[in-house]
Amino acid sequence: MTLDPKVPEGPIEQKWDKHRFNLKLVNPANKRKFEILVVGTGLAGSSAAASLAELGYNVKVFCIQDSPRRAHSIAAQGGINAAKNYPNDGDSIWRLFYDTVKGGDFRSREANVYRLAQVSNNIIDQCVAQGVPFAREYGGTLSNRSFGGAQVSRTFYARGQTGQQLLLGAYQALMRQVGRGQVQMFPRRELLELVVVDGAARGIVCRNLITGKTESYAGHAVLLCTGGYGNVFYLSTNAMASNVSATWRAHKKGAFFANPCYTQIHPTCIPVSGDYQSKLTLMSESLRNDGRVWVPKKKGDTRAPRQIPEEERDYYLERKYPSFGNLVPRDVASRNAKQMTDEGRGVGETGLSVYLDFSDAIKRLGEEKIKEKYGNLFDMYHHITSENPYQVPMRIYPAVHYTMGGLWVDYNLMTTIPGLFCLGEANFSDHGANRLGASALMQGLSDGYFVAPYTLGGYLASAKLGAVQSGHPAFREAERAVEERIKTLLAVKGKKTAVEFHRDLGRLLWDDCGMARNAKGLKEALAKIPAMREEFWKNVDVTGSGEELNMTLERAGRVADYLEFSELMVRDALHREESCGGHFREEYQTADGEAKRDDEKFSYVAAWEFKGVGQDAQLHKEPLAFENVHLAQRSYA
């Protein structure tokens, strides 16, 4: 199969406008004839469902939580990017496009990134109209702050609650359509199978998480908006319900999985505090606007931070990257924190953290101003650590945060399965090998509000889709597969919990496919994962039944998918013999320890086709052409 990204011809500034004009349209009266299934209710899912319903489509929305307001988008803290140039500091659509391509280490599709920058300004207007309470200057204009990888202030924010406020805006738009009857909401449903009829996505099979009942739903198209797979590492900043299952089941039905090894390690998270911790907590990148990152110059220095004089501190990001300082991109900041702790200069009881210090900012601005900008983040840190960051520096360390890999999609956001669209973090499309801070919210809302409503219409107007009901044989077959899988899990009656298997897998992946990878470790992981998977199906303990609320069963199903997916992730990391962004192969680095790309051999998207569990997936390559941004070694010095 040849991958066709369907990128329009012409200058990059005109591609999206021309493409929108050339897309076929669905007559307003005909839109009500179509049923659209949207899986996931974060920013991408809620905004897409609300927009499609506003256009007149009949929409069914499936939410794994009890309410769309609990989607993981709510956890985003620091802000959302847009090229408004309100501070008049030199920003533009072109600069946002350039920063995003460079920040992703030149491993993203130019056309998608430019479109993202193009519609970013519309997102802010849309959200302000919905009442999102962005921070404002004294005169009433919207305020901006800086984020990593940029030398301009383009990040709009609502204190440290930006994701929550944006999601509430999208949620209000969605519930308006529920009230009108254009959207049907199905909470506490988990997608367990995609249904493909005559080569096109025509429905889904879900499990009702309250009753345990298997339910089937038919439609003319399916939109997967189910987020990333960072929880494969067990410890991550993701919500506990975040998982890979929806995209993995789609992959097994024919959707290619792209760049699964591209995992973002966020540099500012509260460090691990114990062996039985279940998740990690993010401290927003926005804190690096005013916080200074440092470690003691002397190895093994156990003095309290206030006892270490200024001349004995190493502000290593400011020293190594004077142009960007503490606002280097996330992958660069994370690797440097690891280097400091590897050298024995880490702080705290474990030695696996560095300081993020606000003492200078408090002296300069006053405590009240810092509280106004970051108060809820400081409170959260205080509650978790019992340390007061107004008085002592925060201790931070990198943690798994975001996944740049995902289902391969073309310019229309459609996967290799016709009729299956993938939006937001669940797809691979806009970030390359590293995501700039405050761009996740931008992509989710761009896809949902401004891209999918056009491209879905183009598909529906062109496709010849016959009537399909949930009684079709393909649905019966998918239901049988779901029920058989559940019965198999319940029948094992082993002695090891799914959580234990998940923890073991997460440690293996963090050690061998985490912040740093090498061929030896990756090959060892590839040898261990199949054995771990085999033991799982022989020794997992799943209590209860399948006909009730059973969180043990839910967890086991997701861990089973992680045990399959992780093999692909490691294989992708092993095949990519270069370092780029968050994918850091120790064998491929510059003399000063920076990521070293191999553009001649690896300037492509790696899209993998499923060939069976335990079988080598087939690699397909989408070449990346850089016609507008000159390929260069990234430098933030």
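Keep in mind it's a predicted model, so treat the numbers as computed, not measured.

Reading guide: rules and limits
Residues numbered from 1 in each chain as written. Predicted model: local features only at pLDDT ≥ 70, side-chain atom pairs only at ≥ 80, totals over all residues. Heavy atoms only, no water. Helix = DSSP H or I, 4+ residues; strand = E, 2+ residues; numbered from the N terminus. Expected span 1.5 Å × (residues − 1). Bend = angle between axes of the 7 residues up to and from the residue. Buried < 20%, exposed > 50% of the residue type's maximum accessible area, 1.4 Å probe, protein only. Polar contact = N/O pair within 3.5 Å; in protein donor to acceptor, adjacent residues only side chain to side chain. Domains from an automatic or database assignment. Contact = heavy atoms within 4.5 Å. Buried area = accessible area lost by both parts, 1.4 Å probe. Salt bridge = Lys/Arg side-chain N within 4 Å of Asp/Glu carboxyl O. Nonpolar A, V, L, I, M, F, W, Y, C, P; charged D, E, K, R; others polar. Axes fitted to C-alpha atoms, helices over the stretch in contact; angles between N-to-C directions. Parallel < 35°, antiparallel > 145°, perpendicular 65-115°, else oblique. 1 Å grid on protein atoms, 1.4 Å probe; cavity = no way out; pocket = protein on both sides within 12 Å on 5 of 7 lines; lining within 4 Å. Points joined across faces, edges and corners; volume = space filled by probe spheres on them. Pairing = 2+ DSSP bridges. Arc of directions from axis to C-beta.

Asks: Sorry if this is basic, but what is going on with helix H16 (residues 551-575) here?
Replies: Helical geometry note: an α-helix holds 3.6 residues per turn, so side chains three or four residues apart project in the same direction. Here H16 contains 25 residues, and its C-alpha end-to-end distance of 36 Å stays within 8% of the 36 Å for a straight helix at 1.5 Å per residue. Along H16, the sharpest change in direction is near 25° and occurs at Glu564. Of all 25 residues in H16, 21 are buried, a share of seventy percent or more. The N-capping residue of H16, defined by a side-chain oxygen 3.2 Å from the backbone nitrogen of Thr552, is Asn550.

Asks: In this structure, what is going on with the domain arrangement of the chain? I would like to understand it.
Replies: The accessible area lost on association of the parts is a frequent measure of interface size. As assigned here, the chain comprises domain 1 (266-400) and domain 2 (477-598). Each of domain 1 and domain 2 has a C-alpha centre, and these two points are 30 Å apart. Counting residues at the interface gives eleven residues for domain 1 and eleven residues for domain 2. Buried surface at the junction of domain 1 and domain 2, both sides included, amounts to about 850 Å², of which 58% is carbon and sulfur. At the junction of domain 1 with domain 2, the criterion picks out zero salt bridges. When residues of the side of domain 1 that touches domain 2 are traced back to their parent elements, those giving at least two are helix H9 (330-342) and strand S15 (394-403). Here the element with the most residues in the side of domain 1 that touches domain 2 is H9; it accounts for five residues. Here the residues of the side of domain 1 that touches domain 2 are counted per class, giving six nonpolar, one polar and four charged.

Asks: I tried to follow the packing of helix H14 (residues 498-513) against helix H15 (residues 519-539) on my own but got confused; where do I start?
Replies: The description of two packed helices rests on the angle between their axes and on the distance between the axes. Here H14 crosses H15 at 175°, and the two axes come no closer than 10 Å. Judged by the inter-axis angle, H14 sits roughly antiparallel to H15. Where H14 approaches H15, its residues Phe501, Asp504, Leu505, Leu508, Leu509, Asp512 and Cys513 are matched on the opposing element by Gly521, Leu522, Ala525, Lys528, Ile529, Met532, Glu535, Phe536 and Asn539. Per-class residue counts for the contact of H14 with H15 are ten nonpolar, two polar and four charged.

Asks: In this structure, what is going on with the layout of surface pockets? I would like to understand it.
Replies: To locate leftover empty space, one rolls a probe as large as a water molecule over the atoms. Empty space within the second largest pocket amounts to approximately 700 Å³. Lining the second largest pocket we find 32 residues, and of these Leu235, Val272, Leu352, Trp510 and Asp511 sit closest to its centre. Looking at the lining of the second largest pocket, the elements that each hand over two or more residues are S15, H14 and H15. Classifying every residue of the lining of the second largest pocket gives 17 nonpolar, seven polar and eight charged. The residue makeup of the lining of the second largest pocket includes at least three contributed by each of domain 1 (266-400) and domain 2 (477-598).

Asks: Just to check I follow, could you spell out the pairing of strand S20 (residues 604-609) for this structure?
Replies: Strand residues, when the strand is regular, have side chains that alternate between the two faces of the sheet. Counted residue by residue, S20 has five buried out of six residues, so it is predominantly covered. In this sheet, S20 lies alongside strand S10 (residues 257-258) in antiparallel orientation, the contact comprising two bridges. The residue bridging Phe257 from the neighbouring strand is Trp608, located in S20. Here S20 pairs with strand S21 (residues 618-623) via six bridges, running antiparallel. Along S21, the bridge assignment pairs Tyr604 with Pro623.

Asks: Looking at this structure, I do not really get helix H13 (residues 473-491). What am I missing?
Replies: With 19 residues, H13 extends 27 Å from end C-alpha to end C-alpha; this agrees with the ideal 27 Å at 1.5 Å per step. Residues Ala474, Phe475, Ala478, Glu479, Val482, Arg485, Ile486, Leu489 and Leu490 constitute the buried set of H13. In an axial view of H13, the angular spread of the buried residues amounts to 150°, which keeps them on one side of the axis. Exposed side of H13, more than 90 degrees from the buried face: Pro473, Glu477, Arg480, Lys487 and Ala491 are the residues found there. Looking at the buried residues of H13, the elements they touch are strand S6 (189-197), strand S7 (200-208), strand S8 (214-218), helix H7 (245-252), H15 and H16. Positive phi shows up at Lys493, right after H13, with a value of about 55°.

Asks: Got a minute to help me understand the sheet that holds S6 in this structure?
Replies: Adjacent strands of a sheet form backbone hydrogen bonds with each other and so pair up, either parallel or antiparallel. Ordered by their spatial adjacency, three strands build an open sheet running S6-S7-S8, and the pairing between neighbours is antiparallel. Each having just a single partner strand, S6 and S8 make up the two edges of the open sheet. Going from strand to strand, the sheet's axes swing by 25° on average, the running direction of each strand aside. In terms of strand pairing, S7 meets S8 through five bridges, oriented antiparallel. What sits directly across from Arg207, in S8, is Thr214.

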